[in-house]
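Chain by chain, the residues run as shown.
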Amino acid sequence: MTTAFYSHPDCRGHDMGAGHPECPARLDAIEDHLIATGLAVALERREAPAVEMAALGRAHSSGFVAELRDVLERVAARGEPCAIDPDTVAAPGTWAAAVRAAGAAVAATDAVIDGAVANAFCAVRPPGHHATRDHAMGFCFFNNVAVAARHALDVRGLERVAIVDFDVHHGNGTEDIIAGDERVLMVSIFQHPLYPYSGAVPMGTNMVNVPVPPYSRGAQVRELIEANWMERLDAFAPEMIFVSAGFDAHRDDDLGQLGLVEADYTWITQRVKAVADKHAQGRIVSCLEGGYNLGALARSVAAHLRVLIGA
Ligand SMILES: [Zn+2]
């Protein structure tokens, strides 16, 4: 059984302008490094399909989906970008990228549940974990992980899924969508205070939010994960695990002030995989979120993938 690697050329077509850290080169850096390290040959490459509108409607309000589609299709037709918030730009290629990003997460979920692959990584953009039920924000348009988790529950009939978020920023969008949905346990770490300045007080009993002070290093983060995530994940016994895989808590990433290194991403992935192997038949779907230092991003994704592959 193999690890699937989902992506699509359209995910590179979403370009928020010169100098924007959430840039198409992120995916090139990942792919180049996978080729250079020989990891690419160990992955089963799959093309991400476009998501169905009904799948988006399981995590977002139908009004939001219709409105965002309208805005993004008009931007694509006009060929001129339009700012959604100070950090988030709807560009002509955004709609095509966003439907492939969410579509990758849903297709990966199906492939893993069907047993076609052991687990999957979605190298996609735009990222998703800041997208709330009703708002695009923070470089995110649709919440890829929440859409996939709801697909697993509502369409594929799973009863319990976990969402693990180790991006340096709090996954406020995912929390907004799944807080109070007792079929989902979300565990996260994030620097606090930092954008979007939420998460210190969890919005539901199914949320395990672990704020981490700036300048914390790997050892402290590992201790907090061990103490706060592991018992809850074990007791919850998820049938599948979704990962919001952001690599911007890396020491070399300028968007946060945490000090993780590649070995910490290896360790976190091993801890998540241990839960998946014990309770969830190894089922993991991991989706790229942040990670803006290109070299650190590429090396950290490789570390994450090595564990998923079992190399
Ligand atoms: Zn982030």
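Just above sits the structure.
In short, a report on the structure. What you see is a predicted model; the values in this text were computed from it and never measured. (Residues numbered from 1 in each chain as written. Predicted model: local features only at pLDDT ≥ 70, side-chain atom pairs only at ≥ 80, totals over all residues. Heavy atoms only, no water.)

Points about the pairing of strand β8 (residues 207–212)
Of all the six residues making up β8, five are buried; the element is thus mostly covered by neighbouring parts of the structure. Taken together, the six bridges between strand β7 (residues 184–191) and β8 define a ladder with parallel strand orientation. In the strand pairing of β8, Val187 is matched with Val208. (Buried < 20%, exposed > 50% of the residue type's maximum accessible area, 1.4 Å probe, protein only. Helix = DSSP H or I, 4+ residues; strand = E, 2+ residues; numbered from the N terminus. Pairing = 2+ DSSP bridges.)

Digging into the coordination of the zinc ion
All of the protein donors around the zinc ion are Asp167 (OD), Asp167 (OD), His169 (ND1) and Asp248 (OD); their distances to the metal are 2.0 to 2.8 Å. What the four donor atoms of the zinc ion show is an angle range of 52 to 153° at the metal, which sorts the shape as irregular. Along the chain, the residues that donate to the zinc ion are spaced as D-x1-H-x78-D. One end of the pair, His169, is in the loop between β6 (161–165) and α6 (172–178); the other, Asp248, is in the loop between β9 (240–245) and α9 (262–279), and 79 residues separate them in sequence. On the basis of relative accessibility, which here comes to 7%, the residue His169 falls in the buried class. A relative accessible area of 0% means that Asp248 is categorised as buried. (Donors = N, O, S within 2.8 Å, 3.2 Å for Na, K, Ca; no water. Tetrahedral: all angles 85-135°; square planar, octahedral: opposite > 155°, others 65-115°.)

Considerations on unusual backbone geometry
Residue Pro193 is reached from His192 by a cis peptide bond, and omega for that bond is 5°. Counting through the fold element by element, Pro193 comes out in the loop between β7 and β8. Looking along the chain, the bond that leaves Tyr195 and enters Pro196 is cis, with omega of 0°. Positive phi, close to 70°, is recorded for Tyr215, a residue that is not glycine. Mapped onto the fold, Tyr215 is located in the loop between β8 and α7 (218–228). Located in the positive-phi region is Ala237, a residue other than glycine, with phi close to 50°. Tracing the backbone through its elements, the reader meets Ala237 in the loop between α8 (230–236) and β9.

Brief notes about the packing of helix α1 (residues 25–37) against helix α10 (residues 294–309)
Contact geometry for α1 and α10: axes closest at 8 Å, N-to-C directions at 55°. In this view, α1 runs oblique relative to α10, as classed from their interaxial angle. The crossing of α1 and α10 is right-handed. Residues Ala25, Arg26, Ala29, Ile30, His33, Leu34 and Thr37 of α1 touch α10, and the partners they reach there are Leu294, Leu297, Ala298, Arg299, Val301, Ala302, Leu305 and Arg306. Among the residues forming the contact of α1 with α10, the class breakdown is ten nonpolar, two polar and three charged. (Axes fitted to C-alpha atoms, helices over the stretch in contact; angles between N-to-C directions. Parallel < 35°, antiparallel > 145°, perpendicular 65-115°, else oblique. Left-handed = near helix turned anticlockwise from the far one by under 90°. Contact = heavy atoms within 4.5 Å. Nonpolar A, V, L, I, M, F, W, Y, C, P; charged D, E, K, R; others polar.)

Here's the deal with the environment of Val301
Following the sequence through the fold, Val301 ends up in helix α10. Relative accessible area serves as the criterion here: at 0%, Val301 is assigned to the buried category. Each C-alpha atom of the pair Val301 and Cys11 lies 17 Å from the other, and the pair is 290 residues apart in sequence. Dropping the residues within four chain positions of it, Val301 is found in contact with Ile30, Phe121, Phe247 and Leu288.

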